[in-house]
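Letter by letter, the chains look like this.
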Amino acid sequence: MSTSLPKDKEVDRSDQVDQLGAPTGSVLPAAFGRNADFWRRTALASLAVSLSFMVAAIPIIVSGKNPLLAYWALARGACGSVDSIAFALNKSTPYILAGVGVALCFRARVINIGAEGQIALGGIAASWIALNGAALPGQLLIPLALLVGGCAGAGWAAIAAVMRLARGVHEVLGTLLLNFVGLLLVSEVLHGPMGEVGAGFPQSPLFPEQAWLPPLVPGTDLHIGIILAIVAVFICHLVFWHTPFGFRLRLLGSTDAAATYAGVSVVRGLFSVMLIAGALAGGAGAVEVLGVHYRLIQGFSVGFGFNAVAIALLASLNPIAVLPAGLFFGFLETGALAMQREIGVPSSLVFVIQGLTMVFVLCALGISLRRQRM
Amino acid sequence: MSHDATPPEIVSLPMLEMYGINKRYGAIRANEGIDLSVAAGRIVGLLGENGSGKSTLMKVLFGMVKPDAGTIRFKGEILSDHTPREAIRAGIGMIHQHFMLVNAMTVVENIMLGWSRAGTWLRTEQVAEQIRQTSKTYGLELDPGALVSDLPFGHRQRVEIVKALLRGAELLILDEPTSNLSPPEISGLLAVMQRIAKQGRAIIFITHKLGEVFDICNEVVVLRDGRVVGRSPIANATRSGLANMMVGREVSSGLIRIDRPTGPEVLVVRDLGLRDSSGYQRLHDINLTLREGEILAIAGVDGNGQTDLVEVLAGLKFPTTGTITLNGRNLTRTTVSDRLTAGLAYIPVDRGTTGLVPGMTIEENLGLRDFNRPPLRRGVRLDHGSFRKEAKAKMSEFGILASSPDTPVQTLSGGNQQKVVVAREIGRKPRVLIACQATWGLDPGATRFVIDQVIALRNRGGAVLYISSELDEVLMLGDRIGVMSNGRLLGVVPRTEVDITQIGLTMAGSSSEVSTLP
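Residues numbered from 1 in each chain as written. Chains lettered and ligands numbered in written order. Predicted model: local features only at pLDDT ≥ 70, side-chain atom pairs only at ≥ 80, totals over all residues. Heavy atoms only, no water.

## Some remarks on the overall build of chain A
For step 1, the next point in the chain: A tally of helices and strands in chain A yields 14 helices and zero strands.
For step 2, the next point in the chain: Ordered by position in the sequence, the α and β elements of chain A form the string α-α-α-α-α-α-α-α-α-α-α-α-α-α.
For step 3, the next point in the chain: Residues counted as buried form 56% of the 374 residues belonging to chain A.
For step 4, the next point in the chain: Put simply, of all contacts in chain A between residues at least 6 apart along the chain, 75% involve residues at least 24 apart.
For step 5, the next point in the chain: When the accessible surface of chain A is summed, it comes to about 15,200 Å², and 70% of that surface belongs to carbon and sulfur atoms. (Helix = DSSP H or I, 4+ residues; strand = E, 2+ residues; numbered from the N terminus. Buried < 20%, exposed > 50% of the residue type's maximum accessible area, 1.4 Å probe, protein only. Contact = heavy atoms within 4.5 Å. Areas by Shrake-Rupley, 256 points an atom, 1.4 Å probe, with all protein chains shown as cover.)

## Considerations on the packing of aromatic side chains
For step 1, the next point in the chain: A complete count under the given rule lists 10 aromatic pairs over all chains for this structure.
For step 2, the next point in the chain: Ring geometry for Phe-53 of chain A against Phe-328 of chain A: centres 6.4 Å apart, planes inclined by 70°, an arrangement best described as edge-to-face. In this pair, Phe-53 of chain A sits in helix H2 (residues 38-62) while Phe-328 of chain A sits in helix H13 (residues 322-343), placing the two residues 275 residues apart along the sequence.
For step 3, the next point in the chain: Note on Phe-328 of chain A: relative accessible area 19%, which makes it buried.
For step 4, the next point in the chain: Relative to Phe-387 of chain B, the ring of Phe-247 of chain A has its centre 5.8 Å away and its plane inclined at 40°; by these criteria the two rings are tilted. (Phe/Tyr/Trp six-rings, centres within 6.5 Å; stacked < 30°, edge-to-face > 60°.)

## Some words on helix H6 (residues 138-167) of chain A
One turn of an α-helix holds 3.6 residues; hence residues three or four places apart share an orientation.
For step 1, the next point in the chain: The first and last C-alpha atoms of H6 of chain A sit 42 Å apart over 30 residues, in line with the 44 Å expected at 1.5 Å per residue.
For step 2, the next point in the chain: One or two steps after H6 of chain A, the chain reaches Gly-168 of chain A, where phi turns positive at roughly 75°. (Expected span 1.5 Å × (residues − 1).)

## A closer look at the pairing of strand E13 (residues 295-299) of chain B
All names here are of chain B.
For step 1, the next point in the chain: The element E13 is largely enclosed, with a buried count of five among its five residues.
For step 2, the next point in the chain: The side-chain alternation of E13 yields two buried faces, one formed by Ile-295, Ala-297 and Ala-299 and the other by Leu-296 and Ile-298.
For step 3, the next point in the chain: In terms of strand pairing, E13 meets strand E20 (residues 463-467) through four bridges, oriented parallel. The residue of E20 that forms the bridge with Ile-298 is Ile-467. (Pairing = 2+ DSSP bridges.)

## Considering the sheet that holds strand E7 (residues 171-175) of chain B
Backbone-to-backbone hydrogen bonds pair the strands of a sheet. The strands run either parallel or antiparallel.
All names here are of chain B.
For step 1, the next point in the chain: Pairing within the open sheet is mixed, and its six strands lie in the order E6-E7-E8-E3-E9-E10. The open sheet terminates on both sides in strands that have one partner only, identified here as strand E6 (92-95) and strand E10 (227-233). On average, each strand axis in the sheet is inclined to that of its neighbour by 15°, with strand direction left out of account.
For step 2, the next point in the chain: Where helix H2 (residues 54-61) meets the sheet, its contacts fall on strand E3 (43-47), E6, E7, strand E8 (202-207) and strand E9 (219-224), and the angle it forms with E8 comes to roughly 150°.
For step 3, the next point in the chain: In the packing of helix H6 (residues 153-166) onto the sheet, contacts are made with E6 and E7, and the angle to E6 comes to roughly 170°. (Axes fitted to C-alpha atoms, helices over the stretch in contact; angles between N-to-C directions.)

## Describing the pattern of salt bridges
All names here are of chain B.
For step 1, the next point in the chain: One pass over the structure, following the stated rule, counts 30 salt bridges over all chains.
For step 2, the next point in the chain: Note that Glu-170 and Lys-75 form a salt bridge whose closest N and O atoms lie 3.0 Å from each other. Of the two residues, Glu-170 is situated in the loop between H6 and E7 and Lys-75 in the loop between strand E4 (69-74) and strand E5 (77-79); the sequence distance between them amounts to 95 residues.
For step 3, the next point in the chain: Residue Glu-170 is classed as partly exposed on the basis of its relative accessible area, which comes to 30%.
For step 4, the next point in the chain: Lys-75 sits in the partly exposed class, given a relative accessible area of 39%.
For step 5, the next point in the chain: With its nearest N and O atoms 2.5 Å apart, the salt bridge here joins Arg-388 to Glu-363. In this pair, Arg-388 sits in helix H14 (residues 384-397) while Glu-363 sits in helix H13 (residues 362-366), placing the two residues 25 residues apart along the sequence. (Salt bridge = Lys/Arg side-chain N within 4 Å of Asp/Glu carboxyl O.)

## Notes on the nonpolar core
For step 1, the next point in the chain: With 182 residues, the main nonpolar core has Leu-251 and Leu-290 of chain A as its most contacted residues.
For step 2, the next point in the chain: Ranked by residues supplied to this core, first place goes to helix H4 (residues 82-107) of chain A with 13 residues.
For step 3, the next point in the chain: Residues contacting Leu-251 of chain A, with those up to four places away along its chain left out, are Ala-259, Ala-262 and Val-264 of chain A together with Val-357, Met-360, Leu-368 and Phe-371 of chain B.
For step 4, the next point in the chain: Core analysis: the next-biggest nonpolar cluster, separate from the first, contains 50 residues, Leu-165, Ile-186, Ile-203 and Ile-216 of chain B among them. (Core = buried A, V, L, I, M, F, W, Y, C linked by side-chain atoms within 4.5 Å.)

## Regarding the packing of helix H8 (residues 225-242) of chain A against helix H9 (residues 244-252) of chain A
The description of two helices packed together rests on the angle between their axes and the distance between the axes.
All names here are of chain A.
For step 1, the next point in the chain: Running from amino to carboxyl end, H8 crosses H9 at an angle of 70°, the nearest separation of the two axes being 5 Å. Taken as axis vectors, H8 and H9 run roughly perpendicular relative to one another. Seen from H8, the contacting residues are Val-239, Phe-240 and Trp-241; seen from H9, they are Phe-245, Gly-246, Phe-247, Leu-249 and Arg-250. (Parallel < 35°, antiparallel > 145°, perpendicular 65-115°, else oblique.)

## Thoughts on unusual backbone geometry
Phi is mostly negative for residues that are not glycine, and the peptide bonds are mostly trans.
For step 1, the next point in the chain: Residue Pro-375 of chain B follows Pro-374 of chain B across a cis peptide bond; omega there is 5°.
For step 2, the next point in the chain: In this fold, Pro-375 of chain B is placed in the loop between H13 and strand E17 (377-378).
For step 3, the next point in the chain: In this model, Arg-109 of chain A sits at a positive phi of 60°, which is unusual for a non-glycine residue.
For step 4, the next point in the chain: Considering the arrangement of structural elements, one finds Arg-109 of chain A in the loop between H4 and helix H5 (115-132).
For step 5, the next point in the chain: A positive phi is found at Ser-316 of chain A, a non-glycine position, where the angle reads about 55°.
For step 6, the next point in the chain: Structurally, the position occupied by Ser-316 of chain A is in the loop between helix H12 (304-314) and H13.
For step 7, the next point in the chain: Residue classification places Ser-316 of chain A among the buried residues on the basis of a relative accessible area of 12%.

## Quick notes on the confidence of the model for chain A
For step 1, the next point in the chain: In this model, chain A carries a mean pLDDT of 85, and residues with pLDDT of at least 70 account for 88%.
For step 2, the next point in the chain: A low-confidence stretch, residues 1-27 of chain A stays under pLDDT 50, and its non-local contacts, those more than four residues away or across chains, total 78 contacts. (pLDDT = per-residue confidence, 0-100.)

## Describing the side chain of Ser-135 of chain B
For step 1, the next point in the chain: Within the secondary structure, Ser-135 of chain B is located in helix H5 (residues 124-137).
For step 2, the next point in the chain: Polar contacts involving the side chain of Ser-135 of chain B include one to the main-chain amide nitrogen of Leu-142 of chain B, which spans 3.4 Å. (Polar contact = N/O pair within 3.5 Å; in protein donor to acceptor, adjacent residues only side chain to side chain.)

## Structural notes on the sheet that holds strand E11 (residues 265-275) of chain B
All names here are of chain B.
For step 1, the next point in the chain: Read across the sheet, four strands follow the order E12-E11-E14-E15 without closing on themselves; strand pairing throughout is antiparallel. Both outer strands of the open sheet, strand E12 (281-291) and strand E15 (329-330), are each paired with one neighbouring strand and no more.
For step 2, the next point in the chain: The sheet contact formed by strand E14 (residues 321-326) and E15 spans two bridges and is antiparallel. Within the sheet, the bridge partner assigned to Leu-326 lies in E15 and is Arg-329.
For step 3, the next point in the chain: Against the sheet, helix H10 (residues 306-314) engages E11, E12 and E14, with an angle of about 120° to E11.

This is how it looks when you write it as structure tokens:
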């Protein structure tokens, strides 16, 4: 039945594909839909994961190895010991933090793919605080470094947001290009003011010990970052589904016309969701340098941004589901080395699995979109 | 236009037969035991209100929806579990209400799109020639090289028709094809349809406009609540009979406009002008006043600045000149939510992308413009209980049919969707209501409902600015009546002094004799 007057509206935000007869407005959020059909989405995500494991078994078989043994090694490598679990949780933490921010952005139809650069800036800022705040006690220094890291990430995202709002440079382009700038900035400070003199590798001096994130379980590498990530996920979940601000984001995910009609400022919405995502990614960068490396290292954020996007999509852009999706990626990558060591299957196979998972998730998405259109 | 006597030998060989089609969506029976048969060379009108099951039935036929039960036989072959692609291959063509065209491509490119017979290496010239041929045969006057975005609406529809014909459609389904056309375009389309039928093809014509049914259909089938409630050759049908079958009751004469003295001025608009970013003056010196308890109805052909006017008044755009005052408060530069708080409700023209968020639920759409105020907002939280409570109240008050407030709005029929918008905007008991094409695309029953609600608001003392391109509606509703033409508001007069000829002339653009009145 008739739902809209056909008229040539100025298409401002890019993913409206009304010309092709697809539903106008929000393709992404419309496909991901509501919280309500949670179980169906969970089933779809699990199906995508299982299928990707099955398909990834093919190259393993071709190379003459047993995929079941390889996956067993993978699983043991990921969860076989307290140390490996601690390692995997640490690995998941920045993914979860950055992923939940990306999920919020995508929900509001803001295609922020700049988590990588935002993580880099968060890392730089937190490192600067850690290196220069040696006089402060840990209870002060760590929160301060995390906070400043978050602010730096938010600031980096704000640049892209301002370019988008003031100059019409699409946020995909802005955030993508700022990623490269962010990575180069890390190199720049490491070769200059923050570099460790005499080190063979571009890295900063080791942080003073009171700047290290305290361990969660004594005797392991597990630091408190995972708690921060879980708290962030739950806060984002509450904000998204249970506050007026979250309702605004969901409206922005529809059409700009509907959002404006509902009294929601598109400019403010876009700006604030970018700041939030930037702050989360910046925090992730801070956690990574303060909790894992204890120093700033060149290229410490490489690949995180795109994993964050993949995790957000695997989670159906549902903030709470980012938690299992992020853990999945973290554990997968942790097990990869064991698989390579024990079975001789290259660890890069997990990237194939990650990629395939995305392909299957997007397939499921396409199918549900098709159904919806009918 | 006339309908020809039926050649009997054609009737005996139906091209399409559908038996016992059943389709349920949750608790709602969209189709229940529907039989339909269409013979070659015939035009069958499928009549029914929004939500009566017409669209579902056609989606079943075209393979877009799987029926729960039923058989489809087309040209002697059973069609089951088919996709739209297979339906096209079998010879069924569907012209959707919303066109499936790529605006940035030419006519010939659109027709070649996804068509295997256009060749692996595109045979653009041959296809263009075929288009010229077909369009000559049926009097379509299509230029294959024209860009779709340059075509007027009626011509885009013709592209769809040619597309279906070239793909070998012997049965054409036209889903409310006339709802967006101007009167001359409508008569052109009807003539084309008759020519198509004369060539031995069959047409299913979905509509709720009775006049068109009588103009060209050979027979008519009426659906209501998912069942066939009447079918007859057109010669045996009467207008009032069909109308009553469609709505299932006598169409009431509607709410009575009570004579009431108009109250004080509520909305005052002075010298309003709007220039768009390309420098085009879209609104010229609009002056109007609205008093309590009156409806100012504005007629006009679409695209004469009506949308700009309502968007400026509702706060979606800011005017370049002039002022808007509500109850003595200058609202010219205030936000949408300020205007809402001041008592200004707005029913936009476009419920698909502005008035509603199709993916959200009924309760969320009912709270779409109030989520940031109590009772829906409590502190920093949304009160989901209040959403539910308000929605239930409004659904029963405004008769919104759905299994639960949790239903996504996109699953509702057009009429029910508009009821959601009306319930939200009139349900807030506004001082001023601005309604733009509030009955667009609605069937008679739903149209009646919207109009009754608007009159009831006016009788309670609300002020209404009602904009419509349906002159009948404007004349029925307006206490004062004006015309928009080329971004100007012209000839506002009390209903007692209306001169229909003058309004017609003004709408057609010969406004020189009419003075601009506040």
